[in-house]
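Observations on chain architecture
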Amino acid sequence: GTSLVQTTFDKKGKEQSSQKMNITSVANEGDKVVMVTDVTIYDKKGKEITSNQMELTCEEGVFKMDMSRFVPPGMDQMEGVSISFEGDNIEMPQSLSVGKNLKDAAFTVNIESDNPALSSMMGGTNTTISNRKVLAEESVTTAAGTFDCFKISYDTKVETKMMGMTRSFDAK
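Overview of the structure. On a predicted model such as this, the values are computed, not experimentally measured, just so you know.

With that settled, consider the side chain of Thr 127. Inspection of the secondary structure assignment puts Thr 127 in strand 9 (residues 124-142). Accessibility expressed as a relative area gives 11% for Thr 127, which makes it buried.

Now the structure itself:
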């Protein structure tokens, strides 16, 4: 299968994280194409954060990624713990151009437990990815070669609820 690596950099050009995706299968299902991938996410030091399998679909020229697959594996197998996911797919249209606004996405992970001691500590996370915009088209040179790329900006807001408290984190 094909492997893809995506690296995220801060404003100063320092690596913040990377994601490696191995495409394990591709199938036509009616009017859409479905890819099954193994995804591993690494921190800026190259330490594995999480790995999971996910499906990507392409329908009418729009790639869609199910964000529920970013729930760390094994969490849904904890005894007495229930995890539910609601939300949007992240979408990336095939046709991009500088100045184009991209669709926002929001998703919620709820964690609940039948155990009263665990239940008081559980909560969930609300994540909003907004103001997605294509800022520029530029050439990027990597160890694998030089590629024509689009620079996309977005804002992320994460609210975590735990032990009756809510903490927020905003990033641009």
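Anyway, onward from the coordinates.
Moving on to the environment of Asp 66. Mapped onto the fold, Asp 66 is located in strand 5 (residues 62-66). With 23 residues separating them along the chain, Asp 66 and Asn 89 place their C-alpha atoms 4.9 Å apart. For Asp 66, the contacting residues outside a window of four places in its chain are Met 54, Glu 55, Phe 85 and Asn 89.

What follows deals with a positive patch on the surface. There is a patch of like positive charges on the surface, built from Lys 12, Lys 14, Lys 44 and Lys 45. For Lys 12, a relative accessible area of 74% gives the class exposed.

Reading across the sheet, the six strands line up as 1-2-3-4-5-7 and stay open at both edges, with antiparallel pairing between neighbours. Taken across any chain shown, the strands that pair with only one partner, and hence form the sheet edges, are strand 1 (3-9) and strand 7 (89-93). Averaged over all pairs of adjacent strands, the angle between strand axes in this sheet comes to 25°, irrespective of strand direction. As paired elements, strand 2 (residues 15-29) and strand 3 (residues 32-43) share twelve bridges and run antiparallel to each other. By the bridge assignment for strand 3, Lys 20 is matched with Thr 40.

The rules behind the values
- Residues numbered from 1 in each chain as written.
- Predicted model: local features only at pLDDT ≥ 70, side-chain atom pairs only at ≥ 80, totals over all residues.
- Heavy atoms only, no water.
- Helix = DSSP H or I, 4+ residues; strand = E, 2+ residues; numbered from the N terminus.
- Buried < 20%, exposed > 50% of the residue type's maximum accessible area, 1.4 Å probe, protein only.
- Contact = heavy atoms within 4.5 Å.
- Patch = residues over 30% accessible without salt bridge, like charges linked within 9 Å, V, L, I, M, F, W, Y side chains within 5 Å.
- Areas by Shrake-Rupley, 256 points an atom, 1.4 Å probe, with all protein chains shown as cover.
- Salt bridge = Lys/Arg side-chain N within 4 Å of Asp/Glu carboxyl O.
- Lys, Arg positive; Asp, Glu negative; His and termini not counted.
- Charge placed at Lys NZ, Arg CZ, Asp CG, Glu CD.
- Pairing = 2+ DSSP bridges.
- Axes fitted to C-alpha atoms, helices over the stretch in contact; angles between N-to-C directions.

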